[in-house]
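Reading the structure
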Amino acid sequence: RHADRWTVEHGPFMRKRLSRLPARNWTLLLQGLDQVLPAARQLLSHFDFIPYGRLDDLMVSYAPPGGGVGAHFDSYDVFLLQGPGQRSWQVSRQRDLALVENAPLKILERFSPEGQCLLSAGDMLYLPPAFAHDGVAVGACHTYSIGFRAPSHRELKSQFLIFLEERLAGGGRYADPDLSVQRRPAKIGAAMIGKIERVLGEISWSHGDVVEFLGCYLTEPKQHVLFAPPRKPLSELAFSKAARRDGVELALPSQMLYAGAMFFINGEPHKDMDKAMQPPLRRLADARCLQGRQIP
């Protein structure tokens, strides 16, 4: 922040850019740390009392003294776990959530703190949705943010309609052999409206459709996620032997969920799995790893 002006830069950053930063009053945010760092994934696993379908990612913020992102609120639950250093937090249950106009971040226009706390290494602050807060680094510090998925109803509806679109039965085309001459050609006639209404009324979905949509939607990798293939891929037989010897674990960016006999990995559904395979696959999804002796 410079006076009343906020500035934001998006990475990736060159080392040279970071070395030119001032000694105070800035913050570096790194999202999706659990997708690249095993220790971060292990930290996130301590929050498995929340279903994986609700867990989002682990974000780390580094700040020198005075650094912060300003007073703001999140639309979802968040745990703020303090790493090295200290950060002072002010919090408020205020209802006024108006934002600074044209700011590059969602900064609250007015912030009226009701409480304050100082987090040291190992301390954690939980904030419910829409709870205003402002954190400022006392000295150089790291803060880990465990966020949760809370998609809007609008997003769920639009994504479900896209999901249904790929599964719509294609038969038929609009026709009106009984069309009669109308005196006003620009008027949309009641007969045409009725025909279209009946066609649209044929759109339906089942409980199974909702399950499949949810599994695919919740495990779909984010746009920035990349999977690097091994330099020397094993043959299927060699992989099978190595898996039974050493066990397997999900790649860090991978998402795996299940519902009944359906399994979902990175946006793809797997149905009608062999019954003998279902228990070990559930263990793999829950623990994100599987010992060799547990693999059929």
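A few points on the structure. Along each chain, residue indices are assigned from 1 in the same order as the chain's sequence is written. Totals for whole chains, interfaces and linings use every residue, but because this is a predicted model, local features are given only for residues with pLDDT of at least 70 and side-chain atom pairs only at 80 or more, for both listing and counting. The basis for the side-chain values is all heavy atoms of the structure; hydrogens and waters are excluded.

1. Focus on the overall build of the protein chain
- By definition, any uninterrupted DSSP run of H or I lasting at least four residues is a helix, any uninterrupted run of E lasting at least two residues is a strand, and each is numbered from the N terminus. Of the regular secondary structure elements, the protein chain holds seven helices and 13 strands.
- C-alpha atoms define the radius of gyration, and 2.2 Å times the number of residues to the power 0.38 defines the globule rule. Here the C-alpha atoms of the protein chain give a radius of gyration of 26 Å, more than 25% beyond the 19 Å that 2.2 N^0.38 yields for 296 residues.
- Dimensions of the protein chain, computed from C-alpha atoms along their principal axes, come out at roughly 80 × 65 × 35 Å.
- When the 296 residues of the protein chain are sorted by exposure, 30% land in the buried category. Relative accessibility thresholds used throughout: buried, under 20% of the residue-type maximum; exposed, over 50%; partly exposed, between the two (1.4 Å probe, protein chains only).

2. So, the sheet that holds strand E5 (residues 115-119)
- Taken together, three strands build an open sheet; the order of strands is E5-E4-E7 and the sheet is antiparallel. Strands at the two margins of the open sheet, each flanked by one partner only, are E5 and strand E7 (132-137). The average angle at which neighbouring strand axes cross in this sheet is 20°, direction not considered.
- Bridge count for strand E4 (residues 87-92) against E5 is five bridges, and the pairing is antiparallel. Pairs of strands are assigned from DSSP output, requiring at least two bridges between the strands. Helix axes are fitted to C-alpha atoms over the stretch in contact, other axes to C-alpha atoms as well, and angles between N-to-C directions run from 0 to 180 degrees.

3. What about the layout of surface pockets?
- In this analysis the probe radius is 1.4 Å and the grid spacing 1 Å, with only protein atoms considered; a cavity is a set of points the probe fits into but cannot get out of, a pocket is an open set with protein on both sides within 12 Å along at least five of seven lines, and lining residues have an atom within 4 Å of a point. Grid points are joined across faces, edges and corners, and a volume is the space filled by probe spheres set on the points. Put simply, the second largest pocket is a space of about 770 Å³.
- Taken together, the elements giving at least two residues each to the lining of the second largest pocket come down to helix H2 (38-45), strand E2 (55-63), helix H3 (153-165) and helix H5 (207-219).
- Basically, the charged four are Asp, Glu, Lys and Arg, the nonpolar ten are Ala, Val, Leu, Ile, Met, Phe, Trp, Tyr, Cys and Pro, and anything else, Gly included, counts as polar. A breakdown of the residues in the lining of the second largest pocket according to their chemical character gives 18 nonpolar, seven polar and 11 charged.

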